Amino acid sequence: MVAVDYVDKSASSSNWSTEDSLSELARLVNTIGIRVTGHLIQKLSSPKRQTYVGQGKLDELIGTQETQPIDQLIFDDELTPLQYKTLVAMFPKIEILDRVSVILEIFSRHARTKEGRLQIELARAQYLLPRLTGQWKHLERLGGGIGTRGPGESQLETDRRLIQKRITTIKKDLEKVSKHRALYRKKRQMSYIPIVALVGYTNSGKSSLLKTLTKSDVLVQNQLFATLDPTTRRLCLPNLTKILVTDTVGFIHKLPPTIIEAFKSTLEELQDASILLHVVDISSLHATEQSITVENILAELGIADKPVITVYNKIDLIDYNQFLSSVDRPGTQDFLKSCPENTVMVSAEKRLGLDRLLHNIESLLLK
């Protein structure tokens, strides 16, 4: 596999370096069982309209095939339909993927509930529709299959018509599920039980924290997007206040808009939350960037103004004093100084700092 990225010189405000973004892409790719054998980086002010990368890099890729077999080309951005179709035509024997298709593949493997599977199928169908070329390898995974052609109808026209029909069906099914979820939320609101929602970057330890706080049987795996479906558990605070703690899908850098739209009904759970627990993996070298990514997505969802407790998780994986003085973590001091007032350092794995976290939740609920 060769991952290709570009450096957008106009996007100097981004805290993600090209190398960091590619490193994360490699982790995503490994999650679906693809081994990374190399990567290419090209410095461009913007992607090429038809091919994403320039002719020089394309020639380099063509030359690489002669000495090293390539099964997939994976691009660290969402390819436009034109870019995708052009690249498929240029590399007919290589599977062309981008960051979005990789994330969708991970989601499709990890969705367990009916709602989760419908949400992912919808996102995949909407992503696939403008990219149909007759060579898409994942087409058979869409529910409904491919039917026979009508008079004078090409295979692509048939595929497009059937996918559009499937999208309509999925939306109707999700609407039914959404109505059921709305009724459930209304019952919860009538019970006046506060809701505390866990949000954070994928693999920051949200599920581990939920499991530790509520002493419940919650799936915990050390991999990206291990949990997609919302999970809610009851918790009794030290002052005997009963609350509901809800875990939601994790966020990630360059999270596809199709994912956010497809998971809209699930993310509506955050609207009802009295408090958000923003879980940050403090052991990550990219804690600053990951935290900013989550904050930006919360702003897009219109819930950035909710009370937030920032929970720096996995403190057991760091030497705290060394962490504060580390020269290898640029911006660390500024990052910690800019933390909100409600900030807690914990280890969900080692059960450290949980008493203070529960105290902060109590105090914030009383305000």
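It should be noted that the structure appears before, not after, this text.
Here's a quick rundown of the structure. No experiment lies behind these values; they were computed from the predicted model shown.

**Notes on the overall build of the chain**
Piece 1. In terms of helices and strands, the chain carries 13 helices and 10 strands.
Piece 2. Taking all 367 residues of the chain together, 52% fall into the buried category.
Piece 3. Excluding contacts between residues fewer than 6 apart, the proportion of contacts in the chain whose partners are at least 24 apart in sequence is 70%.
Piece 4. Working note: accessible area of the chain is about 18,100 Å², and carbon and sulfur atoms make up 50% of it.

**Re the side chain of T214**
Piece 1. Structurally, T214 can be placed in helix α7 (residues 206-214).
Piece 2. For T214, a relative accessible area of 13% translates into the label buried.
Piece 3. Within polar-contact distance, the side chain of T214 engages the backbone oxygen of L210 at 2.6 Å.
Piece 4. Among residues more than four places away in sequence, those in contact with T214 are R233, R234, L235 and V245.

**Looking at the pattern of salt bridges**
If charged atoms from side chains of opposite charge come close, those side chains can pair.
Piece 1. Using the criterion set out here, one finds 12 salt bridges in the structure.
Piece 2. The salt bridge involving D76 is made with R99; its shortest N-O contact spans 2.7 Å. Of the two residues, D76 sits in the loop between β3 (72-75) and α3 (81-90) while R99 sits in helix α4 (residues 99-110), which places them 23 residues apart along the sequence.
Piece 3. With a relative accessible area of 0%, D76 lands in the buried category.
Piece 4. On the basis of relative accessibility, which here comes to 1%, the residue R99 falls in the buried class.
Piece 5. Taking the shortest distance from any N to any O, the salt bridge between E105 and R109 comes out at 2.8 Å. Residue E105 and its partner R109 are both found in helix α4; the two are separated by 4 residues, about one turn of the helix.
Piece 6. Overall, E105 belongs to the buried group, its relative accessible area being 7%.
Piece 7. Members of the salt-bridge network, linked through shared partners, are E24, D76, D77, R99 and K254.

**Quick word on the packing of aromatic side chains**
Piece 1. In total, this model carries 1 aromatic pair according to the counting rule given.
Piece 2. Ring geometry for Y52 and F75: centres 5.3 Å apart, planes at 85 degrees, overall edge-to-face. Residue Y52 is found in the loop between β2 (38-43) and α2 (55-67), and its partner F75 is found in strand β3; the two are separated by 23 residues along the sequence.

**Looking at the nonpolar core**
Piece 1. If you look at the biggest cluster of nonpolar residues, it comprises 41 residues, and the most contacted ones within it are V102, I259, F263, L270 and L298.
Piece 2. If you list the elements that add at least two residues to this core, you get α1 (18-31), α4, α5 (114-128), β5 (195-200), α8 (257-262) and α10 (287-300).
Piece 3. The contacts of V102, once residues within four sequence positions are left out, are L28, V29, I32, I74 and L97.
Piece 4. Among the nonpolar cores identified, the runner-up in size contains 22 residues, and L198, L235, V245 and V311 belong to it.

**A few points about the environment of Q164**
Piece 1. By the element assignment, Q164 lies in helix α6 (residues 155-190).
Piece 2. Along the backbone, Q164 and L129 are 35 residues apart, and their C-alpha atoms lie at a distance of 7.6 Å.

**Thoughts on the pairing of strand β6 (residues 231-236)**
Piece 1. Sheet topology places β6 next to strand β7 (residues 242-247); 6 bridges connect them, and they run antiparallel. Opposite C236, over in β7, you have K242 as the bridge partner.
Piece 2. Hairpin remark: β6 followed by β7, antiparallel, with 5 residues in the connecting loop; positive phi at L240, about 75 degrees.

**Side note on the pairing of strand β8 (residues 275-281)**
Piece 1. Most of β8 sits out of view: 7 of its 7 residues are buried.
Piece 2. Alternating residues of β8 divide into I275, L277, V279 and D281 and L276, H278 and V280, and every residue in both groups is buried.
Piece 3. Across 5 bridges, the pairing between β5 and β8 is parallel. Opposite A197, over in β8, you have L276 as the bridge partner.
Piece 4. Taken together, the 6 bridges between β8 and strand β9 (residues 308-313) define a ladder with parallel strand orientation. What sits directly across from L276, in β9, is V308.

**As for the sheet that holds strand β10 (residues 343-345)**
Piece 1. Taken in spatial order, the 6 strands make up an open sheet running β6-β7-β5-β8-β9-β10, and their pairing is mixed. Each edge of the open sheet carries a strand with a single partner, namely β6 and β10. Within this sheet the neighbouring strands show an average axis-to-axis angle of 25 degrees, counted without direction.
Piece 2. Strand contacts of helix α13 (residues 354-366): β5, β6, β7, β8, β9 and β10, with the helix running at about 175 degrees to β9, the strand carrying the most contacts.

**Description of unusual backbone geometry**
Piece 1. One non-glycine residue, Y52, lies in the positive phi region at around 70 degrees.
Piece 2. For N203, which is not glycine, the phi torsion reads 65 degrees and is therefore positive.
Piece 3. Among the secondary structure elements, N203 is positioned in the loop between β5 and α7.

How each quantity is defined
Residues numbered from 1 in each chain as written. Predicted model: local features only at pLDDT ≥ 70, side-chain atom pairs only at ≥ 80, totals over all residues. Heavy atoms only, no water. Helix = DSSP H or I, 4+ residues; strand = E, 2+ residues; numbered from the N terminus. Buried < 20%, exposed > 50% of the residue type's maximum accessible area, 1.4 Å probe, protein only. Contact = heavy atoms within 4.5 Å. Areas by Shrake-Rupley, 256 points an atom, 1.4 Å probe, with all protein chains shown as cover. Polar contact = N/O pair within 3.5 Å; in protein donor to acceptor, adjacent residues only side chain to side chain. Salt bridge = Lys/Arg side-chain N within 4 Å of Asp/Glu carboxyl O. Phe/Tyr/Trp six-rings, centres within 6.5 Å; stacked < 30°, edge-to-face > 60°. Core = buried A, V, L, I, M, F, W, Y, C linked by side-chain atoms within 4.5 Å. Pairing = 2+ DSSP bridges. Axes fitted to C-alpha atoms, helices over the stretch in contact; angles between N-to-C directions.

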